[in-house]
Every structure is written in structure tokens, then in C-alpha cells.
Amino acid sequence: MSVNKKEKIIVIDFGGQYNQLVARRVRENNVYCEIYSYKTPLEDIKNMSPKGIILTGGPASCYEENAASCDTGLFEMGVPVLGLCYGAQLMMHLLGGKVEHAPVREYGHIDLTVDTSSPVFADVSENTVCFMSHNDYISKAAPGFHTIAHTENCPFAAIANDEKKLYGFQYHPEVLHTTEGSVMLKNFVYNVCGCSGDWKMDSFVQESIEEIRKKVGDGKVLCALSGGVDSSVAAVLLSKAVGKQLTCVFVDHGLLRKDEGDQVEGIFGPDGSYDLNFIRVNAASRYYEKLKDVTEPERKRKIIGEEFIRVFEEEAKKIGRVDYLVQGTIYPDVVESGLGGESAVIKSHHNVGGLPEHVDFKEIIEPLKYLFKDEVRKVGLELGIPDHLVFRQPFPGPGLGVRIIGEVNEEKVRIVQDADAIYRSEVEKAAEEYAVKKLSYEGAEIWGGHLHNSRAAIIRHNYPDWMPDQYFAALTNMRSVGVMGDERTYDYAVCLRAVKTVDFMTAEAAQIPWEVLQKVMNRVINEVSGVNRVMFDLTSKPPGTIELE
Ligand code: XMP
């Protein structure tokens, strides 16, 4: 996919926590956008011929020594620039305005009054709400700038130099709490930068298929398929492009969710809908053997990752020489691995523990490496991949290995698989019932009115607020005394986890209704032998993590 031909907005990353969100919001407006570190040389930025530049927030004070900065030449390129929070302050600081510690710190939802005659505030209400998070503020605008928005404590909540097309917002338009933030960003990219919106997922699919065909020719392609969204979308894209020249290897490590291996085989295997060679390797016993007596979480991760590579290599050897290896890398992986932006890596997760060393291939193909997750999903739908797979909740590469505290064995895997299947089905059922009820209350024409959406998509769109972004059962390593019938039991405790999260970096426990939890508890105790206690994990992240290991 040649993104070079697209209209491009460059996001310059100063290390703030919402930086990827800025890029996603721009892309939601069909404008392509990439993130680069503030250290990127000005020449490189010029060579990318951006239609506009956005400077992000960041944790520092711009007047401090060694604070992240940028070349003032950026403001002389004749390209529109929008500074956000730190980015706005830095722009003022560098261009002769004044930034200092604010007498009143603003945090959270703040009333904002805007000048609706500014091109960045077209179609925005004069009195609106923004999300602020700052200790410093702009106390004097730089020459040539005037204020276009204010709050009670912030006279320069937004500033503009219309002639030079330079703008700054003290608040965060990328965060949903800024109720009209997406309109403001849209205004910047369309009204100020003059973008027309040429970034669309249907054309992405067509262009990618053509490019892959051209590149691969009659070469052989190998793909490690996990059944997750990214590798599935990458595999289908490749199969549409080169059909049977593609071989997908699916390693079933015995740590998948209940029946998941068969489901993946059903979709991609010989009876499925795609034109590709599919190899399923049932490697469960091999994994259990390697994991015997291993209790340390990182060591488990390592063993699972390494074993994956070994199994994959063995299969690849049977195929012989391949020309291309497909990876389901997506844009956040690129940014977080430090190639793009500045944000610190908080925890590195490797699905497959690196690249195989003993597979002979010419080149790696990463067809999704410019896409955010929501874009990968759109591509998946464009490609006709089943809804339930496209909207599958995230599942860690090491699978149930990190959901079973302590040693992993077949018995524990069975327990956690069965409990998890019950939990997921009850939560889904309750959420669906809620959605159907809500739609019928509203008198909505449930199936007729949404011509382009499947039934599942409409239901999903109307899920209750409590519907978690990730939820699963895990097996604690704790056994405790209970009583069943007249018998004393000494069995395991299952832990139910459910979180609401935007970026999986922070999370809150989801408020699943009590009656749903109770039903799950009853079913797990009655149907899953070896369990006599069910617990719900209330911990947010931080201090907890989403997974238990
Ligand atoms: P944590 O537990 O770090 O999880 O709060 C954040 C998100 O990452 C997933 N996760 C992993 N994914 N390999 C993966 O591919 C891993 O080792 C791993 N550990 C956690 C987790 O499911 C959640 O979505």
C-alpha cells in the first residue's frame, strides 16, 4: 500500500499520552496521518510533503532547560500547523509569546467559549466543553496571533495566526470529553490544510491487493496465523491477492480458548471460505511438556514464544523455500517499538517472540503496518471476514498460559477453558438481551433500517455501557475448602476479570450486573469440576494489569 501518494498529516510527538489518539482522530476523517518523534530533522519532515502538521501534548514545561522542542523552521514551511496543549505552548514560546505556570491549574471538563468565525471552529457551538490537563498556560500570545477561544481561567485557550495558518489549542480535541473536538480536528485538516479525504479502507484493500500481486509475482508466501484479528486480516488480504501461493500455519498450542482451534480451522481450513493452503499443528502436548513445573510468568511467556518459533520453523522446513513471510504488524506496534513516536514502552508484548531464524525467506510483508486497530477491523469487514472474528476481543499470544497462575497443565487448561466459555456466553447473552430490548423500546426498525450493517453489528452498537472491552476467566492457583452436597471440597478458585479500557494501558473494572455474575458463578460451580469458588476482580490498571500474570 503506497501511502506516499496519499494526502498526509504529520503528527509530531512530544511524548504525551494521547498521541496515537490524535492520529486516529485525523484518520477517522479519511485523512492519512503518521506519527514522528520531535527529534525528526526538519529536512525529513519537508521531504514528506505534509498537508499539515500537528504538534502533540507532552509532559514537560516548554521553558525548562532540555525540554522537548522543534525547529522554528517548521512554522516557516508554509504548511499549516496546529499545536495541542504542550504543542500550543511550545509554538507560543518559540515564536515570542509567553508561557508560565498557570495560577489555576485546569483539569477535566471545562466550559469553553469559541470564536465561531475562525475556520477551525466552523460548525462548533459558541459555548462548548473541552478537556484540559495542564499546569502551564499561555499568558501572552506571540506576535501575529490572537485568541480565538477562552475558558474562565485561560484567556488563550485557543490562538490563531490565520495568515500563516498557525493554530494552537490549550485543550485536547482528540479526547472524547472535548465534545466537539473531532469537528475541530476535521476543520483543521479540511478547512485549513485543504485535504480532500483520500484515505478510505475500500481503496486500501484494492490498492494493497494490486501491490502485493506486483511484489510477490509467482513467489511463495508463508503466514503464521493465530486466529487473532491482525493475522487473520493479513492472511485474507494475501489470499485475495495470491491465492494458493499462500500457506498459513496455525499453531494450536493447547492454550487457546475453548473450541477456538476448531473455529479457526473452520474459517481458514479446507472447508472454509478462503483460497489458501492451511496447516494446523496440534502442539498442545509439546507445550504442556515444556511448561511442566514452570511457574514464573515471564519464563512461561518466553517458553511459549520460543516453542512457537520452533514449531513454526519445523513446518516451514517441510514447505521448503519461501519467498515472503507475512506479519500482522499494525501501526501502534511500529510507533511503540520506537520507530515512530516518543511514548515510552510500558510493557512489551510479543505474540510470537520474534522472527524465526531458520526459515529461509527473502523479505517480510507487513500489509497492515500503517493501520490502527479500528482500521484493520474495517479492512476485515471489507474483505468479508466474519463479524465475530473481526470484533474478537484481544487475546494474548501466550494464551491461557498467562491466565493460569502458577504451573500450567492439561487439567487447569480444561478448567479455565470451561469457566471462560460460560462467562463469555453469559455476558454476551445479557448484553444482547439488553440491546434488543433497548432497540425495541426505541421502536427502531432493527433489521430494516440499517441496510449496510449486519444484525450482529447493530446489536453490538447498542450494547450496555457496562459491556467490557476485555473479559475472561482466569484460574488462580488457590485452592480452598468448600462444601458441595454433604461433601467437603478442596478445589480451585476461578477469577472473573472484566475491564473497560480505551488503550489497554489503563483500565477500570467493568460494572457487570450482579445477576449476570451470579448466574456465571452458579454455572461455573455446577458445570466445571474442580472449582468451588468464583471471584470477581475489581482491580483497575494501574495498579493491577489486565491479565493476571
Ligand atoms: P496487561 O496484562 O499488560 O495487558 O495489562 C494489556 C493487554 O495486552 C494483552 N497482553 C498480551 N498480549 N502477549 C500478547 O500478545 C502477552 O504476553 C500479553 N500480555 C498481556 C492483554 O490481553 C491486554 O489486552
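Residues numbered from 1 in each chain as written. Predicted model: local features only at pLDDT ≥ 70, side-chain atom pairs only at ≥ 80, totals over all residues. Heavy atoms only, no water.

(A) Region of interest: the sheet that holds strand 8 (residues 158–161). The strand order 2-1-3-4-9-8-7-5-6 describes an open sheet built from nine strands, whose pairing is mixed. Strands with a single pairing partner mark the edges of an open sheet, and in this sheet they are strand 2 (32–37) and strand 6 (127–140). Direction aside, neighbouring strands of the sheet carry axes that sit 20° apart on average. Where strand 1 (residues 8–13) and strand 2 come together, six bridges link them in parallel fashion. Looking at strand 2, one finds that isoleucine 12 is bridged to tyrosine 36. In the packing of helix 1 (residues 19–28) onto the sheet, the strands contacted are strand 1, strand 2, strand 3 (52–55) and strand 4 (81–84), and the crossing angle to strand 2 comes to about 160°. (Pairing = 2+ DSSP bridges. Helix = DSSP H or I, 4+ residues; strand = E, 2+ residues; numbered from the N terminus. Axes fitted to C-alpha atoms, helices over the stretch in contact; angles between N-to-C directions. Contact = heavy atoms within 4.5 Å.)

(B) Examining the pairing of strand 10 (residues 221–224) more closely. Direction of pairing for strand 10 relative to strand 11 (residues 246–252): parallel, over a ladder of four bridges. Paired with valine 221 across the bridge in strand 11 is leucine 246. You can see the chain leave strand 10, run along helix 6 (residues 229–242) and come back into strand 11, and the turn it takes is right-handed. In the sheet, strand 10 pairs with strand 13 (residues 324–326) via three bridges, with the strands oriented parallel. If you follow leucine 222 over to strand 13, its bridge partner there is leucine 325. (Right-handed = clockwise from strand over helix to strand, strands pointing away.)

(C) Spatial organisation of the nonpolar core. Ranked by internal contacts, the top residues of the largest apolar core, which has 94 residues, are Leu222, Phe268, Tyr423, Val494 and Ile512. Shared between two domains, this core takes at least three residues from each, and those domains are domain 2 (201–391) and domain 3 (409–537). Ignoring sequence-local partners within four residues, the contact set of phenylalanine 268 consists of Leu225, Ser232, Val236, Tyr274, Leu276, Phe278 and Leu389. Membership of the second largest hydrophobic core comes to 41 residues, among which are Leu82, Ala102, Ile110 and Ala160. (Core = buried A, V, L, I, M, F, W, Y, C linked by side-chain atoms within 4.5 Å. Buried < 20%, exposed > 50% of the residue type's maximum accessible area, 1.4 Å probe, protein only. Domains from an automatic or database assignment.)

(D) Expanded view of the pattern of salt bridges. Applying the stated rule across the entire model yields 33 salt bridges. Linking glutamate 306 and lysine 302 is a salt bridge whose minimum nitrogen-to-oxygen distance equals 3.5 Å. Placement of both glutamate 306 and lysine 302 in helix 9 (residues 297–319) is noted, with a separation of four residues, approximately one turn of the helix. Using a relative accessible area of 52% as the deciding quantity, one classes lysine 302 as exposed. Each of Glu426, Lys429, Lys519, Arg523 and Glu527 takes part in salt bridges that share partners, so that together they form one network. (Salt bridge = Lys/Arg side-chain N within 4 Å of Asp/Glu carboxyl O.)

(E) Focus on unusual backbone geometry. Following lysine 541, the chain continues to proline 542 via a peptide bond in cis, the omega torsion being -15°. Along the chain, proline 542 turns up in the segment after strand 18 (531–536). The backbone phi angle of aspartate 123 is positive, close to 65°, even though this residue is not glycine. Mapped onto the elements, aspartate 123 comes out in the loop between strand 5 (98–114) and strand 6. The exposure class assigned to aspartate 123 is exposed, which follows from its relative accessible area of 72%. Although it is not a glycine, lysine 165 adopts a positive phi angle of roughly 60°. For lysine 165, the position within the fold is in the loop between strand 8 and strand 9 (166–169).

(F) Looking closely at the domain arrangement of the protein chain. One can read the domain layout of the protein chain as domain 1 (8–192), domain 2 (201–391) and domain 3 (409–537). Each of domain 1 and domain 2 has a C-alpha centre, and these two points are 38 Å apart. Buried area between domain 1 and domain 2, summed over both chains or domains, comes out near 1200 Å², and the portion from carbon and sulfur atoms is 47%. Per-residue buried area on domain 1 facing domain 2 is highest for Gln20, Arg27 and Ile35; these three make up 46% of the total on that side. Here domain 1 is connected to domain 2 by two salt bridges. Note that glutamate 375 and arginine 27 form a salt bridge whose closest N and O atoms lie 2.6 Å from each other. Mapped onto the side of domain 1 that touches domain 2, the elements with two or more residues apiece are helix 1 and strand 2. The biggest single contributor to the side of domain 1 that touches domain 2 is helix 1, with six residues. Of the residues assigned to the side of domain 1 that touches domain 2, the class counts are five nonpolar, five polar and six charged. (Buried area = accessible area lost by both parts, 1.4 Å probe. Nonpolar A, V, L, I, M, F, W, Y, C, P; charged D, E, K, R; others polar.)

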